[in-house]
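Tertiary structure, described
Here are the chains, one letter per residue:
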Amino acid sequence: EYRLLLRSDNADLRLTPLGHEVGLVSAERMARVETRRRRIADELARLEKTNLSPKNGTAEILARHGLPPIKDGVNAKKFLRRPEVTYEILAELSPPPMPLPEDVTRQVAIETKFEGYLSKQQGQVERMLRLEARTIPPEFDFSALEGMRIEAREKLAKFRPVTVGQASRIAGVNPADISVLLIHLERGSTPA
């Protein structure tokens, strides 16, 4: 699950703070990772604010890379989202104030190109966290739920999940069944 968020290229950004918190990562290593995180964020912010003009030699640079010229100005970050555009091409068009290490530019390109997918998956994570927090009353009678498949009612009654998140992970319970369960929980109707 969540393969887009839990990638190997961002493992140090995700896990180093946890390792530092429990004493497994030195302060020096933590500082390096935080510097990398800041550089990535700064470059993403710079690209967000940068507009590429069709003037100033842009057409020549694009032609050298086999790309068509841009007709109107375009946002640098949106331009980088195009599959045929690499960070290296973008850096030629709009160089960063200081040269950036390859691991930073690679992360900037990945986060930019997959931004829509990453935000969608982040929404899924947040939804799952809300489902994990939504409790099911202990006396809840799953067998009396109307609109839910019989198999799902039987599985829920057998395993008696404590949260909606737990219910969603039971084999034989599908998203439509969870929707029915949530509707009954939101109404406050506890079948008995």
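Scroll up for the structure.
Residues numbered from 1 in each chain as written. Predicted model: local features only at pLDDT ≥ 70, side-chain atom pairs only at ≥ 80, totals over all residues. Heavy atoms only, no water.

**Regarding the overall build of the chain**
Looking only at helices and strands, the chain features 10 helices and 2 strands. Helices and strands appear in the chain in the N-to-C order α-α-β-α-β-α-α-α-α-α-α-α. At 24 Å, the chain has a C-alpha radius of gyration far larger than the 16 Å of a compact globule built from 192 residues. Along the longest, intermediate and shortest principal axes, the C-alpha atoms of the chain span 75 × 45 × 25 Å. Here the analysis covers contacts within the chain between residues at least 6 apart in sequence; of these, 62% occur between residues at least 24 apart. Working note: accessible area of the chain is about 11,800 Å², and carbon and sulfur atoms make up 56% of it. Counting 31 positive and 27 negative side-chain charges, the chain places the centres of these two groups 2 Å from one another. (Helix = DSSP H or I, 4+ residues; strand = E, 2+ residues; numbered from the N terminus. Rg over C-alpha atoms; globule rule 2.2 N^0.38 Å. Contact = heavy atoms within 4.5 Å. Areas by Shrake-Rupley, 256 points an atom, 1.4 Å probe, with all protein chains shown as cover. Lys, Arg positive; Asp, Glu negative; His and termini not counted. Charge placed at Lys NZ, Arg CZ, Asp CG, Glu CD.)

**Some thoughts on the side chain of Thr 163**
As for its position among the elements, Thr 163 is in the loop between α8 (150-159) and α9 (164-168). In this structure Thr 163 comes out as buried when scored by relative accessible area, which is 10%. Of note is the side chain of Thr 163, whose polar atom sits 3.1 Å from the backbone nitrogen of Gln 166. (Buried < 20%, exposed > 50% of the residue type's maximum accessible area, 1.4 Å probe, protein only. Polar contact = N/O pair within 3.5 Å; in protein donor to acceptor, adjacent residues only side chain to side chain.)

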